[in-house]
Amino acid sequence: MNKIKCPVTAMLGLIGGKWKPVILYCLLAGTRRFGEIAARIPAISRKVLTDQLKELEQDNLIVRKQFNEIPPRVEYSLSDLGKSMAPILAEMEKWGIQNILNKAKS
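As the structure is a prediction and not an experimental result, all values here were calculated from the model.

Parameters and conventions
Residues numbered from 1 in each chain as written. Predicted model: local features only at pLDDT ≥ 70, side-chain atom pairs only at ≥ 80, totals over all residues. Heavy atoms only, no water. Pairing = 2+ DSSP bridges. Helix = DSSP H or I, 4+ residues; strand = E, 2+ residues; numbered from the N terminus. Contact = heavy atoms within 4.5 Å. Axes fitted to C-alpha atoms, helices over the stretch in contact; angles between N-to-C directions. 1 Å grid on protein atoms, 1.4 Å probe; cavity = no way out; pocket = protein on both sides within 12 Å on 5 of 7 lines; lining within 4 Å. Points joined across faces, edges and corners; volume = space filled by probe spheres on them. Nonpolar A, V, L, I, M, F, W, Y, C, P; charged D, E, K, R; others polar.

### A look at the sheet that holds strand β1 (residues 32–33)
Strand-to-strand pairing in sheets goes through backbone hydrogen bonds, with the strands running parallel or antiparallel. The 3 strands lie next to each other as β1-β3-β2, forming an open sheet whose pairing is antiparallel. Looking at the sheet topology across the chains shown, the edges are occupied by β1 and β2 (62–67). Inspection of the sheet shows β1 paired to strand β3 (residues 73–78) by 2 bridges, in the antiparallel sense. Residue pairing in the sheet places R33 in a bridge with E75 of β3. On top of the sheet, helix α2 (residues 20–27) reaches β1, β2 and β3; it is set at about 95° to β3, its chief contact.

See the structure below:
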């Protein structure tokens, strides 16, 4: 049984950290392969990206689809639960533009 009573703490338990929100934001635009995600988030190491993708999959926020091809192909997309975070991520994007990126231009 989950003993966490605070909804914000519970949510941050799933998406907390430096990279998970960025990965989810990247997948908002649609299905991506590992290399595409890595190219869009160049500051993340491949090991950390792999670990974060595994955790997001375990928490049912993303779906990993592996194709039986040579070379192997794997695609990642948001699950329904992950898609439900779209409004939150959109607000984070809006806030970042208004309060950080636009201020840096001033």
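### With respect to the layout of surface pockets
Roughly 270 Å³ of volume is contained in the largest pocket. The wall of the largest pocket is formed by P21, V22, Y25, L89, M92, E93, G96, I97, I100 and L101. Breaking the lining of the largest pocket down by element, the ones donating at least two residues are α2 and α6 (86–105). The greatest single-element share of the lining of the largest pocket, amounting to 7 residues, is contributed by α6. Across the lining of the largest pocket, the residue classes tally to 8 nonpolar, 1 polar and 1 charged.

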